[in-house]
Amino acid sequence: MDKRELRKGSLLVIAGVAGVLVVLAVIGLVVVYTGGYNVAATEQHTSFTRWAFDTTLRNSVRNRASGTTAPEGATPEMIAAGGTEYKATCQHCHAGPGVERAEWASGMRPRPPHLAEVADEWKLEEVHWIAKHGIRLTGMPAFGPSHDDRTLWNIALFVKRLPAMTPEEYAATGEPASEGSSHGENAH
Ligand code: HEC
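About the cut-offs
- Residues numbered from 1 in each chain as written.
- Predicted model: local features only at pLDDT ≥ 70, side-chain atom pairs only at ≥ 80, totals over all residues.
- Heavy atoms only, no water.
- Patch = residues over 30% accessible without salt bridge, like charges linked within 9 Å, V, L, I, M, F, W, Y side chains within 5 Å.
- Areas by Shrake-Rupley, 256 points an atom, 1.4 Å probe, with all protein chains shown as cover.
- Salt bridge = Lys/Arg side-chain N within 4 Å of Asp/Glu carboxyl O.
- Helix = DSSP H or I, 4+ residues; strand = E, 2+ residues; numbered from the N terminus.
- Core = buried A, V, L, I, M, F, W, Y, C linked by side-chain atoms within 4.5 Å.
- Buried < 20%, exposed > 50% of the residue type's maximum accessible area, 1.4 Å probe, protein only.
- Contact = heavy atoms within 4.5 Å.
- Phe/Tyr/Trp six-rings, centres within 6.5 Å; stacked < 30°, edge-to-face > 60°.
- Lys NZ or Arg CZ within 6 Å of the ring centre and 35° of its normal.
- Donors = N, O, S within 2.8 Å, 3.2 Å for Na, K, Ca; no water.
- Tetrahedral: all angles 85-135°; square planar, octahedral: opposite > 155°, others 65-115°.
- Expected span 1.5 Å × (residues − 1).
- UniProt positions renumbered as here; feature names shortened; annotations may be inferred.
- Near = heavy atom within 4 Å.
- Polar contact = N/O pair within 3.5 Å; in protein donor to acceptor, adjacent residues only side chain to side chain.
- Axes fitted to C-alpha atoms, helices over the stretch in contact; angles between N-to-C directions.
- Parallel < 35°, antiparallel > 145°, perpendicular 65-115°, else oblique.
- Nonpolar A, V, L, I, M, F, W, Y, C, P; charged D, E, K, R; others polar.

**Remarks on a nonpolar patch on the surface**
- Taken together, the side chains of V13, V17, V20, L21, V23, L24, I27, V31, Y37 and V39 present a nonpolar region at the surface, about 960 Å² in accessible area.
- With respect to the helices and strands, the residue V20 is situated in helix 1 (residues 3–34).

**Structural notes on the nonpolar core**
- Within the largest apolar cluster, 30 residues are counted, with the highest numbers of intra-cluster contacts made by Y86, I130, F158, V159 and L162.
- Looking at this core, the elements that each hand over two or more residues are helix 2 (47–65), helix 3 (76–89), helix 5 (115–118), helix 6 (124–133) and helix 7 (149–161).
- No other element matches the 7 residues that helix 7 contributes to this core.
- Setting aside anything within four residues of it in sequence, one finds Y86 in contact with Q91, H94, A95, L115, F158, V159, L162 and Y170.

**Points about the packing of aromatic side chains**
- Taken as a whole, this structure holds 4 aromatic pairs when the rule is applied.
- Taken together, Y86, F158 and Y170 form an aromatic cluster joined through their ring pairs.
- Taking the ring centre of Y170 as reference, the NZ or CZ of K87 above it sits at 4.8 Å.

**Some remarks on the coordination of the iron atom of the ligand**
- Coordination of the iron atom of the ligand by the protein is provided by H94 (NE2) and M140 (SD), with metal-donor distances spanning 2.0 to 2.1 Å.
- One way to put it: the 6 donor atoms around the iron atom of the ligand meet at angles of 86 to 177°, and that makes the site octahedral. Of this pair, H94 sits in helix 4 (residues 91–94) while M140 sits in the loop between helix 6 and helix 7, placing them 46 residues apart in sequence.
- Its relative accessible area of 13% is what places H94 among the buried residues.
- With a relative accessible area of 19%, M140 lands in the buried category.

**Some details on helix 7**
- Here helix 7 spans 19 Å end to end across 13 residues, near enough to the 18 Å set by a 1.5 Å rise per residue.
- Listing the buried residues of helix 7 in full gives T151, L152, W153, N154, I155, A156, L157, F158 and V159.
- For helix 7, the elements touching its buried residues are helix 3, helix 5, helix 6 and helix 8 (167–172).

**Some points on the UniProt feature "domain: Cytochrome c" (unreviewed entry) in the protein chain**
- Taken from the UniProt record, the annotation "domain: Cytochrome c" (unreviewed entry) applies to residues 77–163.
- Secondary structure across residues 77–163 divides into 51% helix and 0% strand, with the first and last C-alpha atoms of the span separated by 19 Å.

**Points about the site of the ligand**
- Surveying the vicinity of the ligand reveals 24 residues, the closest of which are C90, C93, H94, W122 and M140.
- Within the contact set of the ligand, an oxygen atom lies 2.8 Å away from a side-chain nitrogen or oxygen of W122.
- Those elements that provide at least two residues to the shell around the ligand are helix 2, helix 4, helix 5 and helix 6.

**With respect to the packing of helix 2 against helix 6**
- Closest axis-to-axis distance for the helix 2/helix 6 pair is 9 Å, and the angle between their directions is 105°. With respect to helix 6, the axis of helix 2 lies roughly perpendicular. Residues V61, R62, R64 and A65 of helix 2 touch helix 6, and the partners they reach there are E125, E126, W129 and I130.
- Partitioned by chemical class, the residues of the contact of helix 2 with helix 6 number 4 nonpolar, no polar and 4 charged.

Here it is as structure tokens:
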């Protein structure tokens, strides 16, 4: 291949890439402006949206949580304090062994998962990071602005214990949620 052919070849590649980018930008603008995308929370996310979101979430949290260090040793007092806080702050969305999430929380998309089922997929530091910073565009709030770091570690320690907890152990750990905060709204 001589020099001229090579230059022609690379110009074609550049033109091709630019063409694809223009088409993608136009598709993006059409989706944004026509209202073609359904934002209703009564619909499930498409499997592509779900995959793209889940993968972004997992990698983002893993990167950011890797710089944090959990406090040494977990005492029963820390876990009990985390349990009290979990029941008051997280249970109405994330349920607990033997306790359903609040009825309204089932109307969220994405639906908040039962943490007893998924906590094993996250490291302690990652649960702490998520509780502190929240997850944008999901309805998962950031509790960093309203809770001190020690409380957030206690909650994370408690969450990591959820998968192995029986309904009786769950009921016995920490103080039950007071009427009017979350307990009153639970679906029975
Ligand atoms: C208003 C409802 C709501 C409250 C309250 C709430 N969360 Fe969430 N949480 C969510 C939603 C929605 C998601 C995102 C689920 C998804 O992406 O599939 C989520 C995701 C999470 C995840 C990641 C789970 C996963 O596998 O997707 C963790 C861990 C978590 N929350 C912990 C907590 C903790 C700890 C608390 C209490 C301090 C809490 N959340 C309070 C709604 C809530």
